[in-house]
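Secondary and tertiary structure notes
If you want the building blocks of each chain, they are given just below.
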Amino acid sequence: MRKLFLIGAALAVAAGLTATVVRAETPAELNFGVISTEASTNQKKNWEPFLAAMEKAVGVKINGVYTSDYAGVIEAMRFNKVQIAWFGNKSGMEAADRSNAEVFVQITSHTGSTGYYSHVIVHKDSPYTKIEDILKCDKTLDFGIGDPNSTSGFLVPTSYIFAAKNIDPKSCFKTLRNASHQANAMAVANKQVAAATNNSEDLQRIEKTAPEASKNIRVIWTSPIIPLDPIMWRKDLDPAIKAKLNTFLLSYGRVGTPEEIKTAKEILGNLIWGTFRPSDNNQLLPIRILEANKTAMKINGDDKLSAEEKAPKLAELQAEIKKYQAQSEKAEHSPFSKKLALFLDADKANNQAELKKLIGEFAANAANPPTN
């Protein structure tokens, strides 16, 4: 049976170490971290076939690591208890800043999209039909919100709904409950909360895992599109293993015999995913801008701060946003983006020879990244 690392174990190890990021050594095994969007039993059932295929391709034992919250995966990667992980963009940003992690591929949806949406959901019989209906802030409603490191469950609704309207959710609702996407969906379906955050990807998972509950859920708010999630590894992972991981993920469901591609797509379909595409840390820039804008809105709405106190804080944030915007513009014209465009064209044309060639180039760059 695959090894199951729990958050307590990861944090116990972390507590005995210094705050300095530990230098990874070439692992005899790889631990793959899975952020907590639903019960670990459900996740394990869908993830284990995928991890088994990865293990076969890479030639190194792969252990699934299912923690009780997003912070567990971030901390486990920080202290080299996890070497590769699926993150959301917000938790990925934290891992990049704190855990020596970098993005190397991005998931796509089973429809081929590279974006998804944050939602606020209510019970199908709820009298609430729009977001304003739950923002009376008379502390009569129970509200379910996501993990603080969740992009769609926390950052996006906090930015676009609460910070934008200068509302403190803790002061608005009777109770404010942090939970996984699955737990929030079930709480709405069972009328345990009046409304909750969720996202388009996880509502599709609920349709498969709890179809009767799914019928009781109605969406009353939808965000602008959000980039789909990154897969990240520790920067100091063995270059040879990086190359193998990169090759496996970019090939999976895309390169091989018709039977191999069909099987891979079925396994990915159980994760509500399509094939992977090359990516890098520039994927996180829109989320960094969103986080900075959220902080600026919070400062602007803080009545306890004078205009003089706000000014330097806001100026610093605006400089930060401009820096990220400049990086985004530069990334659009980078050699990586040009090669990505070639890859997507070859994928669309199902040009297997060109795909194999480009995957080899991406893998080589992963093992020996170009210096700037």
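This paragraph deals with the state of the cysteines. The full count for this structure, using the stated rule, is one disulfide. Through a disulfide, Cys137 is tied to Cys172; the S-S separation comes to 2.1 Å. Given an S-S torsion of about -85 degrees, the disulfide between Cys137 and Cys172 has left-handed geometry. Of the two residues, Cys137 sits in the loop between strand 6 (118-123) and strand 7 (142-145) while Cys172 sits in helix 6 (residues 169-172), which places them 35 residues apart along the sequence. Its relative accessible area of 2% is what places Cys172 among the buried residues.

Ordered by their spatial adjacency, six strands build an open sheet running 2-1-3-12-4-13, and the pairing between neighbours is mixed. The open sheet terminates on both sides in strands that have one partner only, identified here as strand 2 (61-66) and strand 13 (277-278). In terms of strand pairing, strand 4 (residues 101-106) meets strand 13 through two bridges, oriented antiparallel. Opposite Gln106, over in strand 13, you have Arg277 as the bridge partner. Taken strand by strand, helix 4 (residues 89-98) contacts strand 4 and strand 12 (230-234), and its axis lies near 15 degrees from that of strand 12.

Counting 81 residues, the largest nonpolar core has Phe32, Trp47, Phe50, Met54, Ile134 and Ile231 as its most contacted members. Contact partners of Phe32, with chain neighbours within four places excluded, come to Trp47, Phe50, Leu51, Met54, Ile62, Asn63, Gly64, Val65, Ile84, Ala85, Trp86 and Ile231. If you look at the next biggest cluster of nonpolar residues, it comprises 12 residues, including Ile121, Ala185, Ala189 and Ala196.

Attention now moves to unusual backbone geometry. One non-glycine residue, Lys139, lies in the positive phi region at around 60 degrees. Position of Lys139 among the secondary structure elements: in the loop between strand 6 and strand 7.

In this section: the pattern of salt bridges. Where charged atoms from two side chains of opposite charge come close, those side chains can pair. All told, the structure shown has 15 salt bridges when counted by the stated rule. For Glu102, the salt bridge identified is with Lys242, shortest N-O distance 3.4 Å. One end of the pair, Glu102, is in strand 4; the other, Lys242, is in helix 10 (residues 239-251), with 140 residues separating them in the sequence. The class of Glu102 is partly exposed, set by a relative accessible area of 22%. When the shortest N-O distance is used, the salt bridge between Asp133 and Lys130 registers 3.1 Å. Classification of Asp133 as buried rests on a relative accessible area of 15%. Salt bridges sharing partners connect three or more residues here, namely Glu75, Arg78, Lys90, Glu94 and Arg98.

What follows deals with the packing of aromatic side chains. By the definition in use, this model includes 17 aromatic pairs. Between Phe104 and Trp233 the ring centres are 3.6 Å apart and the planes differ by 5 degrees, which places this aromatic pair in the stacked class. Remark: Trp233 occurs in strand 12 and Phe104 occurs in strand 4; sequence separation between them is 129 residues. With respect to class, Phe104 is no different from Trp233; both count as buried. Taking the centre distance of 4.6 Å and the plane angle of 5 degrees together, the rings of Phe143 and Phe173 count as stacked.

Our next topic: the confidence of the model for the chain. Overall, the predicted model of the chain reaches an average pLDDT of 90, with 92% of residues at or above 70. Predicted confidence is poor over residues 1-24, with pLDDT under 50, and the contacts of this stretch with residues over four places away or in other chains come to 44 contacts.

Quick look at the side chain of Asn184 now. Relative to the assigned elements, Asn184 resides in helix 7 (residues 181-189). Using a relative accessible area of 3% as the deciding quantity, one classes Asn184 as buried. Beyond its immediate sequence surroundings of up to four residues, Asn184 is in contact with Ile121, Gly144, Ile145, Gly146, Arg177, Ala179, Ala196, Thr197 and Asn198.

Summarising the element assignment, Ser118 is placed in strand 6. Judged by relative accessible area, Ser118 falls into the buried class, the value being 0%. Separated by 222 residues in sequence, Ser118 and Leu340 have C-alpha atoms that sit 27 Å apart. Among all residues touching Ser118, those that are not within four sequence positions of it are Ser152, Val156, Pro157, Asn198, Asn199, Trp221, Thr222, Ser223 and Ile226. A distance of 2.7 Å separates a polar atom in the side chain of Ser118 from the backbone oxygen of Ser152.

A separate point is the layout of surface pockets. Roughly 550 Å³ of internal volume is contained in the second largest pocket. Every residue lining the second largest pocket is counted, 20 residues in all, and those nearest its centre are Thr158, Ile167, Asp168, Pro169 and Lys298. Broken down by secondary-structure element, the contributors of at least two residues to the lining of the second largest pocket are helix 5 (151-163), helix 6, strand 8 (175-178) and helix 12 (285-300). Here the residues of the lining of the second largest pocket are counted per class, giving eight nonpolar, six polar and six charged.

About the cut-offs
Residues numbered from 1 in each chain as written. Predicted model: local features only at pLDDT ≥ 70, side-chain atom pairs only at ≥ 80, totals over all residues. Heavy atoms only, no water. Disulfide = S-S within 2.5 Å. Helix = DSSP H or I, 4+ residues; strand = E, 2+ residues; numbered from the N terminus. Buried < 20%, exposed > 50% of the residue type's maximum accessible area, 1.4 Å probe, protein only. Pairing = 2+ DSSP bridges. Contact = heavy atoms within 4.5 Å. Axes fitted to C-alpha atoms, helices over the stretch in contact; angles between N-to-C directions. Core = buried A, V, L, I, M, F, W, Y, C linked by side-chain atoms within 4.5 Å. Salt bridge = Lys/Arg side-chain N within 4 Å of Asp/Glu carboxyl O. Phe/Tyr/Trp six-rings, centres within 6.5 Å; stacked < 30°, edge-to-face > 60°. pLDDT = per-residue confidence, 0-100. Polar contact = N/O pair within 3.5 Å; in protein donor to acceptor, adjacent residues only side chain to side chain. 1 Å grid on protein atoms, 1.4 Å probe; cavity = no way out; pocket = protein on both sides within 12 Å on 5 of 7 lines; lining within 4 Å. Points joined across faces, edges and corners; volume = space filled by probe spheres on them. Nonpolar A, V, L, I, M, F, W, Y, C, P; charged D, E, K, R; others polar.

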